[in-house]
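# Notes for the structure review
Letter by letter, the chains look like this.
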Amino acid sequence: MAGISGHWAFAFGVLGNIISFIVFLSPIPTFYKIYKKKSTEGYQSIPYVVALFSSMLWIYYAFLKTNTTLLITINSFGVFIETIYVGFYLFYAPKKARVQTVKMLLLSVVGGFGAILLVTQFLFKGAIRGQVVGWICLVFSLCVFVAPLGIVRQVIETKSVEYMPLLLSVFLTLSAVAWFFYGLLLKDINIAAPNVLGFIFGILQIVLYVIYSKKEKVILKEQILPEIQKLEVIVKDENMNVNKKLPELTQEQIIDIVNLAGLLVSDKMQVSTCPHDTNCGVKAATNVENMPKLHTIEAS
């Protein structure tokens, strides 16, 4: 049984690596926009600094445990890619945003991680050290998973899913599932527990997306239809100056206009198809005489 659970743990670990790899690459379109604009205005560096700090914590925890190679591989890539993101952000950020990002880096990556490393190395030994670092990772991961509540609140208040991409929510949910089973099969609560919350919030975001994306479509229809119904006929002179607005056409008047247009088109087609027929002009005149009389539209 231990061998079977080990194989399943490896499978879920590989799956978690693949999904997390995609999640780590998801900000690339954002940084492409930053590159095109040559500015980071409208974007914050907090998510990338937090992700960098989280990856460093999990690597440290993985080195204190056994059979956690897959945890090391994906978080090593996380440290690499998040460092590039932060560096890219610093390069294009204005002075104020650059200073704030540097402060966060010093506070979290240098100060925070450095303090955790020193305290756990000198105050704790053996298995106790791994448990303490594991609990720190667990608490920090819970905080990271709670962070999307701000987006959830924004979606509910604005009734818009503009700032909550569905694809990213789906991948984060799948990632939580994979890492939950990986931790469960390894009997490691520090890996499994945070991903329960991650799965719940992921499902919540997907449900909200489905609900409010439908409402957005309904609202757009309600806004567009009245505008179409309020269309008016406007009379313009030769200088394109608006003179008067004509009253709305009745159904009978609309039918007459359509009939007139149809007759004119048919006459043009007839002349073009029989240019050498001397009776074409007679036929056209006959058609004009037989046209229904239009209702007069008086300008008010």
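Rules behind the numbers
Residues numbered from 1 in each chain as written. Predicted model: local features only at pLDDT ≥ 70, side-chain atom pairs only at ≥ 80, totals over all residues. Heavy atoms only, no water. Patch = residues over 30% accessible without salt bridge, like charges linked within 9 Å, V, L, I, M, F, W, Y side chains within 5 Å. Areas by Shrake-Rupley, 256 points an atom, 1.4 Å probe, with all protein chains shown as cover. Salt bridge = Lys/Arg side-chain N within 4 Å of Asp/Glu carboxyl O. Helix = DSSP H or I, 4+ residues; strand = E, 2+ residues; numbered from the N terminus. pLDDT = per-residue confidence, 0-100. Contact = heavy atoms within 4.5 Å. Axes fitted to C-alpha atoms, helices over the stretch in contact; angles between N-to-C directions. Parallel < 35°, antiparallel > 145°, perpendicular 65-115°, else oblique. Left-handed = near helix turned anticlockwise from the far one by under 90°. Nonpolar A, V, L, I, M, F, W, Y, C, P; charged D, E, K, R; others polar. UniProt positions renumbered as here; feature names shortened; annotations may be inferred. Phe/Tyr/Trp six-rings, centres within 6.5 Å; stacked < 30°, edge-to-face > 60°. Lys NZ or Arg CZ within 6 Å of the ring centre and 35° of its normal. Expected span 1.5 Å × (residues − 1). Buried < 20%, exposed > 50% of the residue type's maximum accessible area, 1.4 Å probe, protein only.

### Looking at a nonpolar patch on the surface
Taken together, the side chains of Val196, Phe199, Ile200, Ile203, Val207 and Ile211 define a hydrophobic patch exposed on the protein surface, amounting to about 460 Å² of accessible area. Relative to the helices and strands, Val196 resides in helix 9 (residues 189–229).

### A word on the confidence of the model for the chain
Per-residue confidence for the chain gives a mean pLDDT of 78; residues scoring 70 or more make up 69%. The lowest-confidence element of the chain is strand 1 (residues 233–236), averaging 48 in pLDDT; the highest-confidence one is helix 4 (residues 69–92), averaging 94. Confidence over residues 294–300 falls short of pLDDT 50; this stretch has 16 contacts with residues more than four positions distant or in other chains.

### Structural notes on the packing of helix 3 (residues 46–64) against helix 5 (residues 95–123)
The contact between helix 3 and helix 5 brings their axes to 10 Å, and the two run at 15°. Here helix 3 is positioned roughly parallel relative to helix 5, judged by the angle of their axes. Note on packing geometry: the crossing formed by helix 3 with helix 5 is right-handed. In this structure, helix 3 contributes Ile46, Val49, Leu52, Phe53, Met56, Leu57 and Tyr60 to the contact, and helix 5 contributes Thr101, Met104, Leu105, Ser108, Val109, Gly112, Phe113, Ile116, Leu117, Thr120 and Gln121. Residue composition of the contact of helix 3 with helix 5, grouped by class: 13 nonpolar, five polar and no charged.

### Things to note about the UniProt feature "transmembrane region" (unreviewed entry) in the chain
UniProt tags residues 6–25, 46–64, 70–92, 104–124, 130–151, 163–185 and 191–212 as "transmembrane region" (unreviewed entry). For the annotated span residues 46–64, helix accounts for 100% and strand for 0% of the residues, and the straight-line distance between the end C-alpha atoms is 28 Å. Between the C-alpha atoms that bound residues 70–92 there is a distance of 34 Å. The span itself is 100% helix and 0% strand.

### Some thoughts on the packing of aromatic side chains
One pass over the structure, following the stated rule, counts 16 aromatic pairs. With a centroid separation of 6.5 Å and 85° between ring planes, the pair formed by Tyr35 and Tyr92 is classed as edge-to-face. With Tyr35 in helix 2 (residues 28–37) and Tyr92 in helix 4, the pair connects residues that are 57 residues apart, well separated along the chain. A cation over a ring is seen here: Lys38 above Tyr35, with NZ or CZ 3.9 Å from the ring centre.

### A closer look at helix 6 (residues 126–146)
For helix 6, spanning 21 residues, the distance from its first C-alpha to its last is 31 Å, which sits close to the expected 30 Å at 1.5 Å a residue. Listed in full, the buried residues belonging to helix 6 are Arg129, Gly130, Val133, Gly134, Cys137, Leu138, Phe140 and Ser141.

### A closer look at the environment of Glu162
With respect to the secondary-structure elements, Glu162 resides in the loop between helix 7 (149–158) and helix 8 (166–185). You can call Glu162 exposed: its relative accessible area is 59%. Sequence separation between Glu162 and Tyr209 is 47 residues, and the spatial gap between their C-alpha atoms is 9.4 Å.

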